[in-house]
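Chain by chain, the residues:
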Amino acid sequence: MGTIVDPKIGVALGGGAARGLTHIPFIEAMDELGLEPHNIAGTSIGALLGAGWAAGLSGSQIREYAYEYLGDLRTIIARVWTTRMRSFASQFRIGLSVQLDAIEVISSFVPDDMPKTFEELRHPLSIISTDFKTWHQVVFHTGQVIPAIAASIAIPSIFKPVEIEGRTLLDGSVVNPLPLDVACRGADILVGVDVTGDASDFQTEGPPSVTNAWMGSAQIMIHGLVSHSLAAYPPHIYVRPHVTPFGAMEFWRVREIVKSGDKDKERFKRQLSVAIENFIVSQQKSL
């Protein structure tokens with residue numbers, strides 16, 4: 001006679017810069033339901049938050065950490081400026097650049113006791129990046145964690161590309177902003193948290209500025225990639241919180257951004273509970 005087992009839950013945490021802080025309430029929701037992820041796949045900000053979760057931090061701990069480290073613009077500037085000073089000598093060796101070093105920035109914001117390797121993490125984690133030379137997706141799930149996160153968040157023009165094992169790597173959102181294809185591996189229930197927003201989140205009165213036009217165009221392309229991913233790997237639960245009116249780099253508005261995700265938290269918990277019940281019922285019927 002067979003036995004009833006709990007479902008394995010795969011979670012895809014998408015990219016969305018500062019708006020990706022809305023992932024936090026959904027991590028909390030799984031904690032509150034007593035659920036642990038079987039597999040976490042993260043792109044860009046989703047890789048950073050997913051790494052904290054995979055390391056064993058609870059959603060509420062991630063929230064408090066984000067409030068402490070990102071809740072004040074002066075604190076953020078001070079940390080980023082410190083990384084600029086650390087890399088000042090290297091700037092002269094390779095030529096002056098206004099781009100940030102992603103590895104140094106990530107190192108300055110993650111907890112000091114963050115596991116160094118994927119193998120030390122509590123939960124399986126996959127991190128998505130883009131190989132600039134081959135135009136292909138790169139998935140990290142072994143080796144050093146911080147360089148992999150850095151490669152995943154390396155937004156072109158803001159961060160320098162990250163070099164790992166001879167590959168030139170950029171932001172994972174360029175090829176896979178919502179990594180459902182990776183999160184679904186071995187999972188019984190697939191969850192996708194899409195923080196890219198929709199068209200209504202980016203409307204402004206009058207002609208867009210140069211920056212808004214550039215960001216808006218990128219979002220249109222990212223939205224197309226997400227649509228293809230949803231069609232190819234339809235999740236059991238799909239969440240797309242509204243990210244109006246937050247700018248992509250407005251990390252100092254962390255409390256407002258996270259609070260906006262709180263609005264969908266209870267609905268998400270109900271959807272996930274139903275999916276688990278359906279999974280268990282399907283097992284009972286097959287016994």
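Everything discussed here concerns the structure shown above.
All of these numbers come straight from a predicted model, not from anything done at the bench.

The next thing to look at is helix α10 (residues 254-262). Listing the buried residues of α10 in full gives Val254, Ile257, Val258, Ser260 and Gly261. Buried residues of α10 fall within an arc of 150° about the axis and therefore sit on the same side. Buried-residue contacts for α10 involve α1 (24-32), α3 (59-70) and α11 (265-286).

As a packed pair, α1 and α10 sit with axes 8 Å apart at the nearest point and diverge in direction by 50°. Taken together, the axis directions place α1 and α10 in an arrangement best described as oblique. Only Val258, Gly261 and Asp262 of α10 make contact with α1, whose side of the interface consists of Ile24, Pro25, Phe26 and Glu28. Residues that form the contact of α1 with α10 fall into these classes: 4 nonpolar, 1 polar and 2 charged.

This part takes up the nonpolar core. Counting residues in each nonpolar core, the largest one holds 64 residues, and the members touching the most others are Ile9, Phe140, Val191, Phe268 and Leu272. Among the elements that make up this core, the one with the highest residue count is helix α7 (residues 145-153) (7 residues). In contact with Phe140, other than residues within four places in its own chain, are Phe118, Leu125, Ser126, Ile127, Ser129, Ala148, Ala151, Ile164, Arg167 and Leu169. Grouped together as the second largest cluster of nonpolar side chains are 10 residues, Ala41, Ile128, Val182 and Ala183 included.

A few words on the environment of Arg63. By the secondary structure assignment, Arg63 is in helix α3. Residues Arg63 and His23, spaced 40 residues apart in sequence, show a C-alpha to C-alpha distance of 9.9 Å. Once residues within four sequence positions are removed from consideration, Arg63 is found in contact with Ile24, Pro25, Glu28, Val258 and Asp262. A distance of 2.6 Å separates polar atoms of two side chains, one belonging to Arg63 and the other to Glu28.

Summed over all chains, the structure comprises 2 aromatic pairs. Both rings, one in Phe26 and one in Phe268, keep their centres 5.3 Å apart while their planes meet at 75°; by these two values the pair is edge-to-face. Taken together, the residues Phe26 in helix α1 and Phe268 in helix α11 connect sequence positions 242 residues apart. Judged on exposure class, the residue Phe26 and its partner Phe268 are both buried. A ring pair is formed by Tyr65 and Tyr69, whose centres lie 4.1 Å apart and whose planes are at 15°; its orientation type is stacked. Note that Tyr65 and Tyr69 are positioned in helix α3 at a spacing of 4 residues, about one turn of the helix. On the accessibility criterion, Tyr69 (18% relative accessible area) is buried.

Turning our attention to the pairing of strand β2 (residues 39-43). Most of β2 sits out of view: 5 of its 5 residues are buried. The side-chain alternation of β2 yields two buried faces, one formed by Asn39, Ala41 and Thr43 and the other by Ile40 and Gly42. As defined by bridge partners, strand β1 (residues 9-13) adjoins β2 across 4 bridges and the pair is classed as parallel. Paired with Leu13 across the strands is Gly42, a residue of β2. At this point the chain moves from β1, through α1, to the parallel β2, and the crossover so formed is right-handed.

As a further point, take the pairing of β1. Within β1, 5 of the 5 residues are buried, leaving the element largely enclosed by the surrounding structure. Side chains of β1 alternate between two faces, with Ile9, Val11 and Leu13 and Gly10 and Ala12 buried alike. Note: β1 against strand β7 (residues 189-193), 5 bridges, orientation parallel. What sits directly across from Ile9, in β7, is Ile189.

Close contact between α1 and α3 brings their axes to 7 Å; oriented N to C, the two are set at 150°. Of the possible angle classes, the one that applies to α1 and α3 is roughly antiparallel. Between α1, through Ile24, Pro25, Ile27, Glu28 and Asp31, and α3, the contact on the second element is made entirely by Gly59, Ser60, Ile62, Arg63 and Ala66. When grouped by side-chain class, the residues that make up the contact of α1 with α3 number 5 nonpolar, 2 polar and 3 charged.

Cut-offs and rules
Residue numbering note: each chain is counted from 1, following its sequence as written. Confidence filtering applies because this is a predicted model: local features only for residues at pLDDT of at least 70, side-chain atom pairs given and counted only at 80 or more, and all residues used for totals across whole chains, interfaces and linings. Hydrogen atoms and water are omitted, and side-chain values are computed over all heavy atoms in the structure. Only protein chains enter the accessibility calculation, which uses a 1.4 Å probe; a residue is then buried when its area is under 20% of its type maximum, exposed when over 50%, and partly exposed in between. Secondary structure follows DSSP: runs of H or I at least 4 residues long count as helices, runs of E at least 2 residues long count as strands, and numbering of each begins at the N terminus. Note that the arc is computed from the directions linking the helix axis to the C-beta atoms. Residue contacts are counted whenever heavy atoms from the two residues lie within 4.5 Å of one another. Each axis is a line fitted through C-alpha atoms, and for a helix only the stretch in contact is used; angles between axes span 0 to 180 degrees, taken between their N-to-C directions. Small angles under 35 degrees read as roughly parallel and large ones over 145 as roughly antiparallel, with 65 to 115 read as roughly perpendicular and the rest as oblique. Residue polarity is assigned by list, with Asp, Glu, Lys and Arg as charged and Ala, Val, Leu, Ile, Met, Phe, Trp, Tyr, Cys and Pro as nonpolar; anything else, Gly included, falls into the polar class. In this text, buried Ala, Val, Leu, Ile, Met, Phe, Trp, Tyr and Cys residues form a nonpolar core when linked through side-chain atoms within 4.5 Å. Polar contact is the term for a pair of N or O atoms within 3.5 Å; when the atoms are in protein, one must be able to donate a hydrogen and the other to accept it, and sequence-neighboring residues count only if both atoms are side-chain atoms. The aromatic pairing rule takes the rings of Phe, Tyr and Trp, using the six-membered ring of Trp, and pairs them if the centres are within 6.5 Å, calling planes under 30 degrees apart stacked, those over 60 edge-to-face and the rest tilted. DSSP bridges decide pairing: two strands pair if at least two such bridges lie between them. With its strands directed away from the observer, a crossover is right-handed exactly when the path from the first strand over the helix to the second travels clockwise.

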